[in-house]
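Fold and geometry: a report
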Amino acid sequence: MKEKIVIGSRGSILALAQSEMIKGRLEKNFPELKFEIKVIVTSGDKDLVSNWNNSDKSLKSFFTKEIEHELLDGTVDLAVHSMKDMPIVSPPGLICGATPDREDNRDVIVSRSGKKLLELPEGAVVGTSSLRRTMGLKTLRPDLEIKQLRGNIHTRLRKLDEGQYDAILLAAAGLKRVGLRDRITEELDYDLMMPAPAQGALHIQCRENDEFVKNILKSIHNPEIEKIVEIEREFSKIFDGGCHTPMGCTGEKFDGKVFLRGVYCQDDIMYKAEVLEDEVLGKEIAHKLAAKIREKING
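Residues numbered from 1 in each chain as written. Predicted model: local features only at pLDDT ≥ 70, side-chain atom pairs only at ≥ 80, totals over all residues. Heavy atoms only, no water.

1. Thoughts on the overall build of the protein chain
The secondary structure content of the protein chain amounts to 11 helices and 13 strands. Here the C-alpha atoms of the protein chain give a radius of gyration of 19 Å, agreeing with the 19 Å that 2.2 N^0.38 yields for 299 residues. Projected onto the principal axes, the alpha-carbon positions of the protein chain cover approximately 60 × 45 × 35 Å. Evaluated residue by residue, the protein chain yields a buried proportion of 51% over its 299 residues. Counted over contacts in the protein chain with a minimum sequence separation of 6, partners at least 24 positions apart contribute 67%. As displayed, the protein chain has an accessible area near 14,000 Å², and 48% of this comes from carbon and sulfur atoms. Positive and negative side-chain charges in the protein chain, numbering 46 and 49 respectively, have mean positions lying 2 Å apart. (Helix = DSSP H or I, 4+ residues; strand = E, 2+ residues; numbered from the N terminus. Rg over C-alpha atoms; globule rule 2.2 N^0.38 Å. Buried < 20%, exposed > 50% of the residue type's maximum accessible area, 1.4 Å probe, protein only. Contact = heavy atoms within 4.5 Å. Areas by Shrake-Rupley, 256 points an atom, 1.4 Å probe, with all protein chains shown as cover. Lys, Arg positive; Asp, Glu negative; His and termini not counted. Charge placed at Lys NZ, Arg CZ, Asp CG, Glu CD.)

2. As for the sheet that holds strand 5 (residues 107-111)
Across the sheet, five strands lie side by side as 7-6-8-5-9; this open sheet has mixed pairing. A single partner strand is all that each edge strand has here, and the edge strands are strand 7 (145-147) and strand 9 (186-187). Sheet analysis places strand 6 (residues 125-127) next to strand 7, joined by three bridges and oriented parallel. Bridge assignment links Val126 to a residue of strand 7, and that residue is Ile146. Docked against the sheet, helix 6 (residues 131-140) engages strand 5, strand 6, strand 7 and strand 8 (167-171), running at close to 130° with respect to strand 8. In this fold helix 7 (residues 153-161) packs onto strand 5 and strand 8, with an angle of close to 165° to the strand it touches most, strand 8. (Pairing = 2+ DSSP bridges. Axes fitted to C-alpha atoms, helices over the stretch in contact; angles between N-to-C directions.)

3. Some points on helix 1 (residues 13-29)
Between its first and last C-alpha atoms helix 1 spans 25 Å; for 17 residues at 1.5 Å apiece the expected length is 24 Å, and the two agree. When we look at burial in helix 1, the residues that qualify are Ala15, Gln18, Ser19, Ile22, Lys23 and Leu26. One side of helix 1 holds all its buried residues, which, seen down the axis, span an arc of 135°. Buried residues along helix 1 sit in contact with strand 1 (4-9), strand 2 (34-39), strand 3 (78-82), helix 8 (172-177), strand 10 (202-207) and helix 9 (211-217). (Expected span 1.5 Å × (residues − 1). Arc of directions from axis to C-beta.)

4. As for the pairing of strand 8
Counting buried residues in strand 8 gives five out of five residues, a clear majority hidden from the surface. Burial along strand 8 is two-sided: Ala167, Leu169 and Ala171 and Ile168 and Leu170, pointing in opposite directions, are all buried. Relative to strand 8, strand 5 runs antiparallel, the two sharing five bridges. For Val108, the partnering residue across the bridge sits in strand 8 and is Leu170. Where strand 6 lies against strand 8, two bridges are found, and the strand directions are parallel. Considered in strand 8, the bridge of Val126 is made with Ala167.

5. With respect to the layout of surface pockets
In this model, the second largest pocket occupies a volume close to 320 Å³. Taken together, 13 residues make up the lining of the second largest pocket; nearest its centre are Met83, Ile88, Cys96, Glu230 and Arg233. For the lining of the second largest pocket, the element with the most residues is helix 10 (residues 223-238), which contributes five residues. Residues that form the lining of the second largest pocket fall into these classes: five nonpolar, three polar and five charged. (1 Å grid on protein atoms, 1.4 Å probe; cavity = no way out; pocket = protein on both sides within 12 Å on 5 of 7 lines; lining within 4 Å. Points joined across faces, edges and corners; volume = space filled by probe spheres on them. Nonpolar A, V, L, I, M, F, W, Y, C, P; charged D, E, K, R; others polar.)

Below you can see the structure in the form of structure tokens.
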């Protein structure tokens, strides 16, 4: 039996908060074991700006490949990632060992004036680097000025506080996990802004042949969240989704069924659809939703 489990993590405030959260849950479940976090600097952390225009798959690998190398080398035993940043398929030898409880997957608006999205004055400057959020804003408030916004959570909030923006869009999960819930002006309902697939979910990665770690990760695994996230990621895969794709979706259990809602933008038009099916259909529900949206696109 291992005496110490090393958790690999990026060094950002959010990544460390998520890793500390998982560490705390595992320590509670296995008090006889020692858990520690090792910070690993990724290519994306070193040079985010020059990597931004790479393809989605390449961009995602910039935030994971060094951590995955250390996992495969045995330097760390597991790693905590944001699920929405992970490719659909893990590298050979690595698996998703657990999908823990999910945080709020909605987008939120943080405004300097305290005004909600629909209350912002005409011409207000709103910051986001997401094409999905940009298209959602253009649909809801074509009168707003949308300005690019990059950086970690604290950098984005600082730019807002400095007056560079009147409001910014962020993920609720990130703010809540780093203890900044009080900065949220408005949690956006799905009808206002559809979140990114798998937003708010975590991907706990480990070696496929490490039975000890796989067994302890079972204690924090939520199979229901795993199913929902798998469906959302399948929908994303159908539309080749990523940071630069104007699409979003969210799934939830509803009276023994899965309720999946999604949006996709083409030619500056946002197409919406929803579907309610028996959960035994699994990924098929994602394809049904995609088919409904394609029908609307094709008229």
